[in-house]
Amino acid sequence: MSQGAREGLKLTSLDSPLFDGSDATKGDLLDYLEAVGERLVRRLRERPLSVVRVRPGQEQFMQKNLPKYTPDWVHRVTVWAESSKREVSYALCDDVRTLLWFGNQRAVEYHVTLLAAAGLADYSGSPTHLVLDIDPAPGSPFRQVVDAAELIRRALEADGLAGAVKTSGSKGVHIFVPIAPGVSIEDAAAATRAVAARAERLDPALATTAFIREDRGGKVFLDSTRAGGATVVAAYSPRVRPGTTVSFPVSWADLPDVDPRDFTIRTVATELGDRDPWTEYMPAPQPLPADLVAEGHTIPVARVQAMHEGKRRARARRES
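Here is what the cut-offs are and how they apply
Residues numbered from 1 in each chain as written. Predicted model: local features only at pLDDT ≥ 70, side-chain atom pairs only at ≥ 80, totals over all residues. Heavy atoms only, no water. Salt bridge = Lys/Arg side-chain N within 4 Å of Asp/Glu carboxyl O. Helix = DSSP H or I, 4+ residues; strand = E, 2+ residues; numbered from the N terminus. Buried < 20%, exposed > 50% of the residue type's maximum accessible area, 1.4 Å probe, protein only. Core = buried A, V, L, I, M, F, W, Y, C linked by side-chain atoms within 4.5 Å. Contact = heavy atoms within 4.5 Å. Pairing = 2+ DSSP bridges. Axes fitted to C-alpha atoms, helices over the stretch in contact; angles between N-to-C directions. 1 Å grid on protein atoms, 1.4 Å probe; cavity = no way out; pocket = protein on both sides within 12 Å on 5 of 7 lines; lining within 4 Å. Points joined across faces, edges and corners; volume = space filled by probe spheres on them. Nonpolar A, V, L, I, M, F, W, Y, C, P; charged D, E, K, R; others polar. Left-handed = near helix turned anticlockwise from the far one by under 90°. Polar contact = N/O pair within 3.5 Å; in protein donor to acceptor, adjacent residues only side chain to side chain.

The chain is annotated in an unreviewed UniProt entry as ATP-dependent DNA ligase of Nocardia albiluteola.

Given below as structure tokens:
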């Protein structure tokens, strides 16, 4: 593929390798982004965007703040980042032109917040989904992830809830549970913790909610920390992984037979055709049961608990 223009953009270096192990060029990335186009943009629209870029000869890096050379026509929102004590100008990828501009900047991964931009500035908004991130133990087969995902599904069903599942584009899966408007950030986070805890109780030999890696004992990790201002990789986003895999929606019925490595920027466009399975599989927004929220508020926030536990262990090591 040669240099050219699409959506009025000048595209460059299309024959250059995307990254080591990608089995793809920058042109292949742009072909893919154009093919999935609006289907990916639906996941990104009106949400602050973070991207993972890979420049030749450099390590990958996540970009949140828009560079100064960003075109004026790229939509954006300014958000105060408490962690870095500064304002961050996030992109809003509201159209395919913006998506292709990012692709031309060698942005491979597309991560968005669970809140729309309008509600993120002062954290007054309502999350649109609960997200459970399932990670296998090192060296474990994908079947471990499938079995753990079924635990989450059973825990949701027991409270009248349903979710959709997609591969993460790496070794795990993400389960999205659409929720009705008006749920506070704190209640959504609490409900996410409760779903994970209930799933863990269904099979504690398989799954764990232990945030500290050394405490997991070879079990699959049910990560309930994707809440508040956290981000998650979007459905249809490529990943900086061998083969340039893609985070891809699958049906619950097909999940046991899936190999996440099969979904790449070379295969997904053909797999999709004209469909948008993430829209097809996603249930309608649901109200959160009061008992789920109440239980979640009794469960400590994992990152905070892990921080305190880490300090306690460090102090114990010093004292011994």
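Some points on the pattern of salt bridges
For the coordinates displayed, the defined rule picks out 17 salt bridges. Of the charged contacts, one joins Arg266 and Asp28 as a salt bridge, the two residues approaching to 3.1 Å between their closest N and O atoms. Of this pair, Arg266 sits in the loop between β14 (249–250) and α6 (268–272) while Asp28 is found in helix α1 (residues 26–44), placing the two residues 238 residues apart along the sequence. You can call Arg266 partly exposed: its relative accessible area is 49%. Judged by relative accessible area, Asp28 falls into the buried class, the value being 19%. Among the salt bridges present, the one from Glu157 reaches Arg153, with a minimum N-O distance of 3.6 Å. You can see Glu157 and its partner Arg153 sitting in helix α4 (residues 142–158), four residues apart, about one turn around the helix. Assessed through its relative accessible area of 48%, Glu157 is described here as partly exposed. When its relative accessible area of 28% is taken as the criterion, Arg153 is described as partly exposed.

A few points about unusual backbone geometry
Unusually for a residue other than glycine, Tyr236 sits at a positive phi of about 80 degrees. If you trace the backbone, Tyr236 turns up in the loop between β13 (231–233) and β14. A positive phi angle, near 55 degrees, is found at Thr244, a position not held by glycine. Topologically, Thr244 is positioned in the loop between β13 and β14.

Describing the nonpolar core
Leu44, Phe102, Tyr110, Ile134, Ile152, Ile175 and Leu255 are the most contacted members of the largest nonpolar core, which has 84 residues in total. A total of nine residues in this core trace back to one element, the largest contributor, which is α4. Those residues in contact with Ile175 that sit more than four places away from it in its chain are Leu130, Val131, Leu132, Ile134, Ala149, Ile152, Leu156, Ala164, Val165 and Trp252.

Thoughts on the environment of Trp73
Relative to the helices and strands, Trp73 is located in the loop between β4 (61–63) and β5 (75–81). Linking Trp73 and Asp291, residues 218 residues apart in sequence, is a C-alpha distance of 46 Å. Residues in contact with Trp73, not counting those within four places in the same chain, are Leu9, Arg97, Thr98 and Trp101.

Here we look at the sheet that holds strand β11 (residues 207–208)
The six strands are arranged β11-β12-β8-β10-β9-β14 in an open sheet whose pairing can be described as mixed. In the strand order of this sheet, the two ends are held by β11 and β14, each with one partner. Strand direction decides the pairing type here: strand β9 (residues 164–167) and β14, joined by two bridges, are antiparallel. From the neighbouring strand, Lys166 faces β14, where its bridge partner is Pro249. Along the sheet, α4 makes contact with β8 (129–135), β10 (173–178), β11 and β12 (220–223), crossing β10 at roughly 15 degrees.

As for empty space enclosed by the protein
In this structure the tally under the stated criterion is one cavity of 30 Å³ or more. Approximately 40 Å³ is the volume attributed to the largest cavity. If you go around the largest cavity, the residues you meet are Leu114, Pro127, His129, Leu130, Val131, Ala188, Thr192, Arg226, Ala227 and Gly228. The set of elements that each furnish at least two residues to the lining of the largest cavity consists of β8 and α5 (185–202). With three residues, β8 is the largest single contributor of residues to the lining of the largest cavity. Classifying every residue of the lining of the largest cavity gives six nonpolar, three polar and one charged.

Brief notes about the packing of α1 against helix α2 (residues 96–104)
Following both chains from N to C, one finds α1 and α2 inclined at 140 degrees, their axes separated by 8 Å at the closest point. Note on packing geometry: the crossing formed by α1 with α2 is right-handed. Touching Lys26, Leu29, Leu30, Leu33, Glu34, Gly37, Glu38, Leu40, Val41 and Leu44 of α1 are Val96, Leu99, Leu100, Gly103 and Asn104, all from α2. Across the contact of α1 with α2, the residue classes break down as nine nonpolar, three polar and three charged.

Comments concerning the side chain of Arg43
Relative to the helices and strands, Arg43 resides in helix α1. On the basis of relative accessibility, which here comes to 15%, the residue Arg43 falls in the buried class. At a separation of 2.9 Å, a polar atom in the side chain of Arg43 contacts the main-chain carbonyl oxygen of Arg39.

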